[in-house]
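As a plain string of letters, each chain reads:
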Amino acid sequence: MTPDRNAPAKDRIGPIIKGLAKAYPDATIALNFTTPLECVVATVLSAQSTDVKVNEVTKSLFKKYRKPEDYLKVPEEELQEDIHATGFFRQKTRALRGLSQKLLDHFDGEVPGTIAELIQLPGVARKTANVVQSNCFPDELARDPDAGIVVDTHVGRLAVRLGLTEVGPKDAEKIEADLLALVPKKQWPRISYLLIDHGRTICLAKKPLCGDCPIEPLCPSSQEAGEPDLYRVAAGKPRSR
Ligand code: SF4
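About the criteria used
- Starting from 1, residues in each chain are numbered consecutively following that chain's sequence as written.
- For this predicted model, a pLDDT threshold of at least 70 governs which residues receive local features, and a threshold of 80 or more governs which side-chain atom pairs are given and counted, while totals over whole chains, interfaces and linings are taken from all residues.
- Side-chain calculation: all heavy atoms of the structure are included, whereas hydrogens and water are not.
- To get an axis, fit a line to the C-alpha atoms, keeping to the stretch in contact for a helix; angles then go from 0 to 180 degrees between the N-to-C directions.
- Labels follow the DSSP assignment, with helices taken as runs of H or I lasting at least four residues and strands as runs of E lasting at least two, numbered in each case from the N terminus.
- Geometric relationships in this document are graded by angle, where less than 35 degrees denotes roughly parallel, more than 145 denotes roughly antiparallel, 65 to 115 denotes roughly perpendicular, and other angles denote oblique.
- Here, residues are in contact when the closest pair of their heavy atoms is within 4.5 Å.
- In this classification, Asp, Glu, Lys and Arg are treated as charged, Ala, Val, Leu, Ile, Met, Phe, Trp, Tyr, Cys and Pro as nonpolar, and every other residue, Gly included, as polar.
- Domain borders in the structure are assigned automatically or taken from a domain database.
- As used here, buried area is the combined drop in accessible area, with a 1.4 Å probe, of two parts when they are placed together.
- We define a salt bridge as a contact between a side-chain nitrogen of Lys or Arg and a carboxyl oxygen of Asp or Glu at a distance within 4 Å.
- The definition of a polar contact used here is a pair of N or O atoms within 3.5 Å, where within protein one atom must be able to donate a hydrogen and the other to accept one, and adjacent residues in sequence count solely through side-chain atom pairs.
- If a single non-hydrogen atom of a residue is within 4 Å of a molecule or strand, that residue counts as near it.
- Definitions used throughout: a 1 Å grid over protein atoms alone; a cavity as a set of points that fits a 1.4 Å probe which cannot get out; a pocket as an open set with protein on both sides within 12 Å along at least five of seven lines; a lining residue as one with an atom within 4 Å of a point.
- Pocket occupancy is defined atom-wise: a molecule lies in a cavity or pocket when more than half of its atoms are within 2 Å of its grid points.
- To sort residues, take the accessible area from a 1.4 Å probe on protein chains only and compare it with the maximum for the residue type: under 20% means buried, over 50% means exposed, and anything in between is partly exposed.
- Expected helix span is computed as 1.5 Å times (number of residues minus one).
- Grid points are joined across faces, edges and corners, and a volume is the space filled by probe spheres set on the points.

(A) A look at the packing of helix H10 (residues 153–161) against helix H12 (residues 188–201). Packing of H10 against H12 brings their axes to within 8 Å, and their N-to-C directions diverge by 85°. Put simply, H10 runs roughly perpendicular to H12. For the pair H10 and H12, contact is made by His154, Val155, Arg157 and Leu158 and by Ser192, Leu195, Ile196, His198, Gly199 and Arg200, respectively. The residue makeup of the contact of H10 with H12, split by class, is four nonpolar, four polar and two charged.

(B) Spatial organisation of the domain arrangement of the protein. Domains assigned within the protein are domain 1 (9–27 + 150–234) and domain 2 (36–143). Computed over C-alpha atoms only, the centres of domain 1 and domain 2 are separated by 28 Å. Roughly 730 Å² is buried in total at the junction of domain 1 and domain 2, and carbon and sulfur atoms are behind 52% of that figure. Looking only at domain 1, the three residues that lose the most surface to domain 2 are Val150, Glu176 and Lys185, adding up to 51% of its buried area. For the pair domain 1 and domain 2, the interface holds two salt bridges. The salt bridge partner of aspartate 51 is arginine 200, with a shortest N-O separation of 2.8 Å. Connecting domain 1 to domain 2 are six residue pairs in polar contact (both at pLDDT 80 or more). For the side of domain 1 that touches domain 2, the element with the highest residue contribution is H12, accounting for three residues. A breakdown of the residues in the side of domain 1 that touches domain 2 according to their chemical character gives four nonpolar, no polar and four charged.

(C) Broad picture of the site of the ligand. Taken together, the residues surrounding the ligand are Arg161, Leu162, His198, Ile202, Cys203, Pro208, Cys210, Cys213, Glu216, Cys219 and Ser222. In this structure, the ligand is accommodated by the largest cavity.

(D) Up close: the side chain of threonine 128. Summarising the element assignment, threonine 128 is placed in helix H8 (residues 126–136). Overall, the relative accessible area of 10% leaves threonine 128 in the buried class. For threonine 128, the contacting residues outside a window of four places in its chain are Thr43 and Gly123.

(E) The arrangement of helix H6 (residues 89–106) in detail. An ideal rise of 1.5 Å per residue puts 26 Å on 18 residues; H6 measures up with 25 Å between its terminal C-alpha atoms. Within the span of H6, buried status applies to Phe89, Lys92, Thr93, Ala95, Leu96, Arg97, Leu99, Ser100 and Leu103. On the buried face of H6, the contacting elements are helix H2 (36–45), helix H4 (68–73) and helix H5 (76–83). One or two residues past the end of H6 sits aspartate 108, with phi positive at roughly 50°.

(F) Focus on unusual backbone geometry. The phi torsion at glutamine 48 lies on the positive side, around 55°, for a residue other than glycine. Considering the arrangement of structural elements, one finds glutamine 48 in the loop between H2 and helix H3 (51–64). Backbone geometry places phenylalanine 88, a non-glycine residue, at a positive phi of 45°. Relative to the assigned elements, phenylalanine 88 resides in the loop between H5 and H6. For phenylalanine 88, a relative accessible area of 47% corresponds to the partly exposed category.

(G) Highlighting the layout of surface pockets. As a volume, the largest pocket reaches approximately 1200 Å³. In this structure, the largest pocket is lined by 44 residues; those nearest its centre are Ser46, Lys127, Val151, Asp152 and Thr153. Put simply, the parts of the chain that give the lining of the largest pocket at least two residues each are H2, H6, H8, H10, helix H11 (172–182) and H12. With five residues, H8 is the single largest residue contributor to the lining of the largest pocket. Classifying every residue of the lining of the largest pocket gives 19 nonpolar, 12 polar and 13 charged. Here the lining of the largest pocket gathers at least three residues from each of two domains, domain 1 (9–27 + 150–234) and domain 2 (36–143).

(H) Layout of the pattern of salt bridges. Under the definition given, this model contains 12 salt bridges. The salt bridge partner of glutamate 216 is arginine 5, with a shortest N-O separation of 3.1 Å. Pair noted here: glutamate 216 is in the loop between H12 and helix H13 (230–234) and arginine 5 is in the segment before helix H1 (9–23), with a separation of 211 residues, a long-range link. Like glutamate 216, the residue arginine 5 is buried in the burial classification.

What follows is the structure in structure tokens.
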């Protein structure tokens, strides 16, 4: 029997994943890359940018910069110009050059696969490390005690709306811990992209389209059912119309 929207999260998470997987069978990362280095670079560039913009920029960037050395041998201004369109280009240039130097100095020029190693790279925080590990090093993810789930703005908002966490949408660390406790490990890489696709198409930040939602019967924030939007409640925002 399908649990209702007021059932505990541990009883709803299975049907939620199943419903989202059916609705978004092709859910996956939207950034384009073919190597772990390209994955790190694209993820660093995606901060405060859009995946579409990053993919536009990396199309030519990855032809020019193939190895960590390549990010260091051009003048800083040239790299800034090459990534300018993604925004925060000075900060991102520093991160790309810093992480390239670290890869050469400590990792034989190769991107490492554990979270503990990845977060040693300049500009790589836990979220980026989770993106890189889950997409490029699935075997490491399976055995790494520090492995996790990518929590971006969509994942945070949906975790709150779906009652999968009791904290606010900004507390990414606690949301991740709550999801790790609920979601079976083999689903860790997938759950983020399912929630992201749902957040981009139906469960929109301002006005979720609950009437079109495939997991509406499982959601304690359903506007269709006249429930309060837990995301707006947690964020202290007035109810949307
Ligand atoms: S019912 Fe509405 S608030 Fe709940 S997940 Fe679906 S779209 Fe989002």
